[in-house]
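Observations on the three-dimensional arrangement
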Amino acid sequence: MTEARVHRFGSPADAARALAAEIARTILQAHAARGKVTVALAGGGTPRALHRILAREHRELPWSDTHIFWGDERFVPHASEQSNYRMARETLLDEIEIHERNLHPWGTDLLRPEEAALDMERELECHFAGAEPRFDLIVLGVGADGHTASLFPASPALRITDRLVATAEAPDEPRQRLTFTLPVLNNARAVHFLVSGADKRAAVECALRPGQQPERCPASMVRPADGTLSWWLDEEAAP
Ligand code: 6PG
């Protein structure tokens, strides 16, 4: 992996707009090269602005050939206000021309998290025709504790190397989570962290300059082996 690229902006909106332009470039390049684009979105609240800009200022993208996954999800119904799927629908997917078959949400309406994890693993194996999943781009956020996706500090999921997904336990509600594992994140062609707010600065610092205990800062363990890693930060989150 080449060194992480760190981009600093005066505001969260500026960071989101710049990342949206980079995502647009990546989607167009991937579409030209392979005719199909595969993206994983982040959850939480930060991506809202990014999604709205993509929906309003990048409608021309080949969304009909773009497949959308989520790097993680809370084990709540899709209709829940805490659902990352619902957030993406409201801020992006309901605003663009994209077919339902291109959306690959976690099966949180299934009975148990383990079932939803197995279901997603099968979905990934099918979408990537049995090859190691290689996303064209993955967007991630960071928690103040250094977690990313639903990979939390000291989580056993951080050591999984033979599975594509894992269930996880969050320190806050909703506690039951589903997440891609590091092998999937680190096999992406491009990973983009979008982070804003002073409460995230220490986590960003730790992720960019990991110490001897990377498992204390899972975001520091996202280092694409054959891809690019970029940080899109507002001035409050930037070290
Ligand atoms: C989630 C996310 C999680 C998020 C960070 C930052 O499901 O909550 O995937 O990893 O990216 O917690 O969340 P905010 O953007 O809300 O600060």
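To be clear, the structure that these remarks concern was listed above.
Residues numbered from 1 in each chain as written. Predicted model: local features only at pLDDT ≥ 70, side-chain atom pairs only at ≥ 80, totals over all residues. Heavy atoms only, no water.

Below, the discussion takes up the state of the cysteines. Evaluation of the coordinates by the stated rule reveals 0 disulfides. Not part of a disulfide, Cys217 finds its nearest cysteine sulfur in Cys206, a span of 3.4 Å. Overall, Cys217 belongs to the buried group, its relative accessible area being 2%. (Disulfide = S-S within 2.5 Å. Buried < 20%, exposed > 50% of the residue type's maximum accessible area, 1.4 Å probe, protein only.)

What follows deals with the environment of Thr38. Examined against the element boundaries, Thr38 turns out to sit in strand β2 (residues 37–41). Taking relative accessible area as the criterion, Thr38 reaches 3% and is therefore assigned buried. For the pair formed by Thr38 and His127, sequence separation is 89 residues and the distance between their alpha carbons is 9.2 Å. With residues near it in sequence (within four places) discarded, Thr38 still touches His67, Phe69, His127, Phe128, Phe135, Asp136 and Leu137. A distance of 2.8 Å separates the side chain of Thr38 from the side chain of His127, its partner in a polar contact. (Helix = DSSP H or I, 4+ residues; strand = E, 2+ residues; numbered from the N terminus. Contact = heavy atoms within 4.5 Å. Polar contact = N/O pair within 3.5 Å; in protein donor to acceptor, adjacent residues only side chain to side chain.)

Now for the site of the ligand. Taken together, 14 residues lie near the ligand, and Thr46, Asp72, His147, Ala149 and Lys200 sit nearest. One of the side-chain nitrogen or oxygen atoms of Asp72 is found 2.6 Å away from an oxygen atom of the ligand. For the ligand, whose free accessible area comes to 420 Å², the fraction covered by protein is 84%. Here the residues of the shell around the ligand sort into 2 nonpolar, 8 polar and 4 charged. (Near = heavy atom within 4 Å. Areas by Shrake-Rupley, 256 points an atom, 1.4 Å probe, with all protein chains shown as cover. Nonpolar A, V, L, I, M, F, W, Y, C, P; charged D, E, K, R; others polar.)

With an omega of -5 degrees, the peptide bond running from Glu173 to Pro174 counts as cis. Tracing the backbone shows Pro174 in the loop between β6 (165–169) and β7 (176–180). Look at Ala129: it is not a glycine, yet its phi comes out positive at around 55 degrees. By the element assignment, Ala129 lies in the loop between α4 (113–127) and β5 (137–140). Backbone geometry at Ala149 places phi at a positive 50 degrees, although glycine is not the residue there. Looking at the secondary structure, you find Ala149 in the loop between β5 and β6. Ala149 gets classed as buried once you look at its relative accessible area, which sits at 11%.

Coordinates in, geometry out; function isn't part of it.
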